[in-house]
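A structural walkthrough
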Amino acid sequence: MTNFETPNLVIRGFKIFKERLDLNIQNDLISDLREIVKVAPLFSPHVPGGNKMSVKMTSAGKYGWFSDSKGYRYVSRQKNGNNWPQIPNSIMEIWQKFVSLERNPDCCLINYYSKDAKMGMHQDNDEADFDWPVLSISLGDDALFRIGNVEKGGKTDSLWLNSGDIIVMGDEARLKYHGIDRIRSGTSNLLKNGGRINLTLRVVD
Ligand code: SIN
Ligand code: MN
């Protein structure tokens, strides 16, 4: 694995690259994402306990991330039987710049946060291979990101993520708990109707 970029800060192993995507790139990403949601519409997954997540999701790539009463998992098809759309080059290029040219991700999970959405503390552990990092891209409204530990609970640190920020969660950070406490609505006008999009790129198998 090669790291070409130097992070602005590292918190508990999470490498944080502040505002690394300029507005042109952010707008290109949004237009590519608009094409994706036309063929893979956003949906609100149910967590295994039965509740609906407040975040809306869809995916691109060989696999999509999915959750229902049977649990969290990656699936190779959408509910309607169609494949997931390909991960666009605009997104692959970011992985190649911040993670590696050796191996591309299998899944780009697309999370949409409206103003009241949040994401509870969780580990990204549905992948078969933890040697590769998860890369996160923030677009749109600011979000309060909380970083914990490999074990559930304990002390945490929080920071605001802004549009254009990238996080690489690898090595000691790979299995650390993390979540989004809240969105600061109206802090960005990247998205016509407001809100925030987070992309996470994952090597699955
Ligand atoms: C996630 O952990 O899947 C999303 C994190 C974020 O929205 O920044
Ligand atoms: Mn996660």
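Data block above holds the structure.
Cut-off values and rules
- Residues numbered from 1 in each chain as written.
- Chains lettered and ligands numbered in written order.
- Predicted model: local features only at pLDDT ≥ 70, side-chain atom pairs only at ≥ 80, totals over all residues.
- Heavy atoms only, no water.
- Near = heavy atom within 4 Å.
- Polar contact = N/O pair within 3.5 Å; in protein donor to acceptor, adjacent residues only side chain to side chain.
- Areas by Shrake-Rupley, 256 points an atom, 1.4 Å probe, with all protein chains shown as cover.
- Helix = DSSP H or I, 4+ residues; strand = E, 2+ residues; numbered from the N terminus.
- Core = buried A, V, L, I, M, F, W, Y, C linked by side-chain atoms within 4.5 Å.
- Buried < 20%, exposed > 50% of the residue type's maximum accessible area, 1.4 Å probe, protein only.
- Donors = N, O, S within 2.8 Å, 3.2 Å for Na, K, Ca; no water.
- Pairing = 2+ DSSP bridges.
- Axes fitted to C-alpha atoms, helices over the stretch in contact; angles between N-to-C directions.
- Contact = heavy atoms within 4.5 Å.

Once that is clear, we can look at the site of ligand 1. In the vicinity of ligand 1, the contacting residues are N111, Y113, M119, H122, H178, I180, R196, N198 and R202. Within the side chain of Y113, a nitrogen or oxygen atom sits 2.5 Å from an oxygen atom of ligand 1. Calculation on ligand 1 without its partners gives an accessible area of 260 Å², and the protein chains cover 99% of this total. Counting residues per element, the ones that place at least two in the shell around ligand 1 are β6 (107-113), β7 (119-122), β12 (178-184) and β13 (196-202).

The biggest cluster of nonpolar side chains holds 28 residues, and the ones touching the most others in it are L33, L135, I137, L139 and L199. Counting only elements with at least two residues in this core, the list comes to α1 (23-39), α2 (89-98), β6, β8 (134-140), β11 (166-169) and β13. Take this core: its biggest share by element is 5 residues, from α2.

Perfect tetrahedral coordination of a metal by four donors corresponds to 109.5 degrees between them, and perfect octahedral coordination by six donors corresponds to 90 or 180 degrees. Taken together, H122 (NE2), D124 (OD) and H178 (NE2) make up the full set of protein donors to the manganese ion (ligand 2), lying 2.2 Å away. Along the chain, the residues donating to the manganese ion (ligand 2) fall in the pattern H-x1-D-x53-H. Pair noted here: H122 is in strand β7 and H178 is in strand β12, with a separation of 56 residues, a long-range link. Given a relative accessible area of 5%, H178 falls into the buried group.

Pairing within the open sheet is antiparallel, and its 4 strands lie in the order β7-β12-β9-β10. Each edge of the open sheet is held by one strand with a lone partner, namely β7 and β10 (157-161). Ignoring which end each strand starts from, the neighbouring axes of this sheet average 25° apart. Pairing of strand β9 (residues 142-147) with β12 involves 6 bridges; the strand directions are antiparallel.

Here the focus is the sheet that holds β13. Strand order in the open sheet formed by 7 strands is β1-β2-β11-β8-β13-β6-β3, and the pairing between neighbours is antiparallel. Whereas interior strands pair on both sides, the edge strands pair on one side only; in this sheet they are β1 (9-11) and β3 (56-61). This sheet shows a mean twist of 20° between the axes of neighbouring strands, independent of strand direction. Bridge count for strand β2 (residues 14-17) against β11 is 4 bridges, and the pairing is antiparallel. Counterpart to F17 in the pairing with β11 is I166. In the packing of α1 onto the sheet, the strands contacted are β3, β6, β8 and β13, and the crossing angle to β8 comes to about 100°.

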